[in-house]
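Geometric and topological summary
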Amino acid sequence: MAEMTMIEAIRSTLGDALARDERVIVLGQDVGVNGGVFRATEGLQERFGEDRVVDMPLAEAVIVGSAVGLACSGMIPIPELQFLGFGSQAFHQMEGQVARYSFRSQGSYPMPMVIRAPFGGNVRTPELHSDAHEAKYVNTPGLKVVMPATARDAKGLLAEAIRDPDPVLFCEPLRGYRLIKDEVPEEDYTVPLGKARTVREGTDLVIVAYSAAVVVAERAAERAAQEGYSVGVLDLRSLVPLDVEALRDAVAACGRAVVLHEGSLSAGFGAELVATIQEEAFWTLQAPIGRVAAYDTPYPPGTVEELYVPSVDRVLDAIRAALEA
Amino acid sequence: MSAASTVEIPEPLRLLAPDGTLAEGHVPALDGDALLDAWRAMLRSRVCDERCFSLQRQGRLGTFSPVNGEEAAVVGSAWALDPARDWIVPQYRELPAMLRLGYRLAQAMQYYTGNPAGSQMDADVNVLPFQISLAAQLPHAVGLAWGLRHQGSDAVVCTYFGDGASSEGDAHEALNLAGVRRAPVVFVLKNNGWAISTPVRKQTAATSFAARAAGYGMAGELVDGNDLFAMHDACSRAVARARTGEGPTLIEARTYRMGPHNTSDDPTRYVDPVELEERRALDPVERVRRYLTAEGLIDEASEQRLVEELQAEVDAAFAEAQASPSPGSEALFDHVYARPPGRLAGQRATAAAEEAG
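Every value quoted in this text rests on a predicted model; they were computed, and no experiment measured them.

Section: the overall build of chain A
When its secondary structure is counted, chain A shows 13 helices and 14 strands. Whereas a compact globule of 325 residues would reach a radius of gyration of roughly 20 Å, chain A reaches 19 Å, a difference of no more than 12%. Seen through its C-alpha atoms, chain A measures out along the principal axes to roughly 60 × 40 × 40 Å. When the 325 residues of chain A are sorted by exposure, 58% land in the buried category.

Here you go:
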């Protein structure tokens, strides 16, 4: 098994999908000749031609909106938003159209599409390139929201998302595109949506995270271990569907939990996690659940972003607070 | 013309005068049974408008937007299509076009009475559902046309929007992409003068929407939208261009909304009655009536019989919609996902239990 970076895993999966299924079409800004600004689609246009890997005008709403029409024609579009923060320019198409087209048409027009979107902080990008907006899309019934944390999962979850008959927002941690590197099987495989991954077992507390925050959680768990605590990490992999059973079991096993994400705190996905934990595992709790998230302020300029994106230290503080409660 | 305008705006294409006479030398391509079908569709639309208004006032129908005044624009364009292969991507004021492609009147009545089945298309009916988010359908039309062509079809997609929706960003993005991809789309912009209460002069400083076509690298045509033959003629050319790979066309159908925006709207608050009377004199249905009467194809008695037949058709459709089973709580969940997240199973059960009382 070869090691791959997350970006390599995504690129190879897109190539596999284009090769396997003629209905698959990749579209977005700079995805063709340039191979994507992060090189996620590098070489694909050369291999599959301009009609299947399509450079689009700089217009997010029509990138997503034309994908709705492509799906109505029987194709499987994979539109790319260059950054999730620019998804707001297409939000009306995602929320008002993609997510509810199957419902509106009572199944006449299913929306098998995967909207790929990089996001995430601490890479010194200009404004709106880093925002973690996933909660807005979780609150959009009809969409699925998938957030891989490893290269292996990026490949398996993307392959599954492309096969899934429902529309999927596939969020890729741009900080991890090259930093996240792990063993990825060569062959075609899928990872089911809605099955969380136990990254690390722990008996004192579990950190629940997804995407690049899983890396932060692992480091915090490691540091906590040095302080004598046994801290586990649960990677949700997808927010919709949510693996409620894994969440319940992980919390029930140790009675303490910290939820962690890069998006801002209030009505962030952590709020949903805490609510679900109290519904499912209230009587097992031995301490209030810790919530570590970005502040309720806009994503800041680069010189202060490390103070904004949840750090290992902040997660450790939350772990200690929960363990000492 | 406003001083700011730098584009010379031609007069709208007109082939049938308000008095029902043809432009000199014009031989309509829409003739014979197709013409009588189109006439029937225009009258059906008017009968349907009246019936739906009455039903809404009785509390038996939900919100309804009449076609009243735009019959020639909708029917003329739809009759330029080949129902066997072409597509309609509607907004919500184009029911006669949807019916032409096989959407059923009873489904429309289901839609207007809040039954989700009203937007489920029968197999081989090339129609997308009503669109309430204005201009959002235009990117869909472009993607649909692009996808069909990509798969080797020579189908054409006809989509509709209005002067109000033309201000939306989606209209710009869709027209631009259609030009870039030479997508086989006919964009019918029905300039009916109003976006609810906002007159077209507050929608744009330009004197022509058709002139925008040049800015998107596509053909554009300004047409008398109350002229069935002009609409059919311009749209037929647009369909032929699209089918042969010459790309999209933007057609501005200059028409007039003779009724309210919808059943909740009171246009007496903002429409000048003098203007309304002037525009009523250009009524598209009356124009075709005069032509067909002069041609000896219809008379008062035959029209009376036709209207009665259409009233019965509309009443039967409404009765069929009323008779269709009223959906239960499963309708909240069905078709939201093909593979629903596990959480929805519990929510579905909760809703069913609540429904059962």
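Back to the write-up after that little detour.
Some words on the overall build of chain B
A count of helices and strands for chain B gives 12 helices and 7 strands. Its C-alpha atoms give chain B a radius of gyration of 21 Å, within 12% of the compact-globule value 21 Å for 357 residues. Taken along its principal axes, the extent of the C-alpha atoms in chain B is 70 × 50 × 45 Å. Looking at chain B residue by residue over its 357 residues, the buried ones come to 49%. Residue pairs at least 24 apart in sequence account for 76% of intrachain contacts in chain B once pairs closer than 6 positions are excluded.

Description of the pairing of strand 5 (residues 114-119) of chain A
All names here are of chain A. Of all 6 residues making up strand 5, 6 are buried, and the element is well covered by its neighbours. Side chains V114, R116 and P118 project from strand 5 onto one buried face, and the interleaved I115, A117 and F119 project onto a second face that is buried too. Relative to strand 7 (residues 168-173), strand 5 runs parallel, the two being bridged by 6 bridges. Residue pairing for strand 7: F119 is matched across the bridge by P173.

Details of the sheet that holds strand 13 (residues 257-264) of chain A
Residues and elements named next belong to chain A. Here 5 strands make up an open sheet; going across it, the order is 9-11-10-13-14 and the pairing mixed. Looking along the sheet, the strands with just one partner apiece sit at the ends: strand 9 (197-200) and strand 14 (290-294). Adjacent strand axes in the sheet meet at a mean angle of 25° when their direction is disregarded. As defined by bridge partners, strand 10 (residues 205-209) adjoins strand 13 across 3 bridges and the pair is classed as parallel. Residue V206 lies in a different strand from strand 13, and its bridge partner there is A257.

Observations regarding the domain arrangement of chain B
Interface size is commonly expressed as the accessible surface area that is lost when the partners come together. Parsing chain B into structural domains produces domain 1 (32-326) and domain 2 (329-357). For domain 1 of chain B versus domain 2 of chain B, the separation of C-alpha centres amounts to 36 Å.

Points about helix 2 (residues 71-78) of chain B
Residues separated by three or four positions in an α-helix point in the same direction, a consequence of the helix having 3.6 residues per turn. Counted residue by residue, helix 2 of chain B has 8 buried out of 8 residues, so it is predominantly covered. Turning to helix 2 of chain B, its buried residues number three or more, namely E71(B), A72(B), A73(B), V74(B), V75(B), G76(B), S77(B) and A78(B).

Some remarks on the interface of chain A and chain B
In this complex, chain A contributes 38 residues to the contact, which on the side of chain B involves 35 residues. For the side of chain A that touches chain B, the secondary structure elements donating two or more residues are helix 3 (60-72), helix 4 (91-96) and helix 5 (101-104) of chain A. With 9 residues, helix 3 of chain A is the largest single contributor of residues to the side of chain A that touches chain B.

What to know about the pairing of strand 7 (residues 249-254) of chain B
Residue and element names in this part refer to chain B. Most of strand 7 sits out of view: 6 of its 6 residues are buried. Neither face of strand 7 is left uncovered, since the one carrying T249, I251 and A253 and the one carrying L250, E252 and R254 both have all their residues buried. Sheet analysis places strand 3 (residues 185-191) next to strand 7, joined by 6 bridges and oriented parallel. The partner of N191 across the bridge, within strand 7, is R254. Inspection of the sheet shows strand 6 (residues 219-224) paired to strand 7 by 6 bridges, in the parallel sense. If you follow L222 over to strand 7, its bridge partner there is E252.

Concerning helix 5 (residues 137-150) of chain B
All names here are of chain B. Its 14 residues give helix 5 an end-to-end C-alpha distance of 20 Å, which sits within 8% of 20 Å, the value for a rise of 1.5 Å per residue. For helix 5, the buried fraction is high: 13 of the 14 residues fall into the buried class. In the segment just after helix 5, G152 is the residue with positive phi, at about 90°.

A closer look at the domain arrangement of chain A
Residue and element names in this part refer to chain A. The domain architecture assigned to chain A consists of domain 1 (2-184) and domain 2 (197-324). Computed over C-alpha atoms, the centres of domain 1 and domain 2 are 26 Å apart. Taken together, the contact between domain 1 and domain 2 spans 24 residues of the former and 24 residues of the latter. Taken together, the residues that form the side of domain 1 that touches domain 2 break down as 12 nonpolar, 6 polar and 6 charged.

Notes on the sheet that holds strand 6 of chain B
All names here are of chain B. Taken in spatial order, the 5 strands of this open sheet run 1-2-3-7-6, and their pairing is parallel. The open sheet terminates on both sides in strands that have one partner only, identified here as strand 1 (87-89) and strand 6. Taken pair by pair, the neighbouring strands of this sheet meet at an average axis angle of 20°, ignoring direction. The strands touched by helix 2 within the sheet are strand 1, strand 2 (157-162), strand 3 and strand 7, with strand 3 carrying the most contacts at an inclination of about 170°. Most of the contacts of helix 5 go to strand 2, to which it runs at about 170°, and overall it touches strand 1, strand 2 and strand 3.

Regarding the environment of P118(A)
If you trace the backbone, P118(A) turns up in strand 5. Sequence-wise, P118(A) and C171(A) are 53 residues apart; in three dimensions their C-alpha atoms are separated by 5.6 Å.

So, the confidence of the model for chain B
The pLDDT averaged across chain B works out to 96; a share of 97% of its residues lies at or above 70. Across the interface, the model reports ipTM at 0.97; the global pTM reads 0.97.

Some remarks on the packing of helix 4 (residues 105-112) of chain B against helix 11 (residues 300-323) of chain B
Each pair of packed helices can be described by the angle between their axes along with the distance between the axes. Residue and element names in this part refer to chain B. At a minimum axis distance of 8 Å, the contact between helix 4 and helix 11 shows a crossing angle of 55°. In terms of their interaxial angle, helix 4 and helix 11 are classed as oblique. Relative to helix 11, helix 4 is oriented so that their crossing is right-handed. Residues L105, A106, M109 and Q110 of helix 4 lie in contact with helix 11, whose contacting residues are E313, V314, A317, F318, E320 and A321. The class makeup of the residues in the contact of helix 4 with helix 11 is 7 nonpolar, 1 polar and 2 charged.

Calculation criteria
The residue numbering used here restarts from 1 in each chain and proceeds along that chain's sequence as written. As they are written, the chains are lettered A onward and the ligands numbered 1 onward, keeping that order. A pLDDT threshold of at least 70 governs which residues receive local features in this predicted model, and a stricter bar of 80 or more applies before side-chain atom pairs are shown or counted, although totals over entire chains, interfaces and linings include all residues. Working definition: helices are DSSP H or I runs of at least four residues, strands are E runs of at least two. Numbering for both runs from the N terminus. C-alpha atoms define the radius of gyration, and 2.2 Å times the number of residues to the power 0.38 defines the globule rule. Put simply, a residue is buried when 20 or more other C-beta atoms lie within 10 Å of its own C-beta and exposed when 12 or fewer do; between those, it is partly exposed, and each C-beta is set from the backbone. Residues are treated as contacting if the C-beta atoms built from their backbones sit within 7 Å of each other. Between any two strands, pairing holds if DSSP finds at least two bridges. Inter-axis angles, ranging from 0 to 180 degrees, are taken between N-to-C directions of lines fitted to C-alpha atoms, where helices are fitted over the stretch in contact. Note that domain bounds follow an automatic or database assignment of domains. For a helix, the expected span equals 1.5 Å multiplied by the residue count minus one. Basically, the charged four are Asp, Glu, Lys and Arg, the nonpolar ten are Ala, Val, Leu, Ile, Met, Phe, Trp, Tyr, Cys and Pro, and anything else, Gly included, counts as polar. Every residue is assigned a pLDDT by the predictor, reflecting its confidence on a scale from 0 to 100. For classification purposes, angles smaller than 35 degrees are called roughly parallel, those larger than 145 roughly antiparallel, those between 65 and 115 roughly perpendicular, and all remaining angles oblique. Each crossing is labelled by how the near helix is turned from the far one, with a counterclockwise turn of less than a right angle marking it left-handed and a clockwise turn marking it right-handed.

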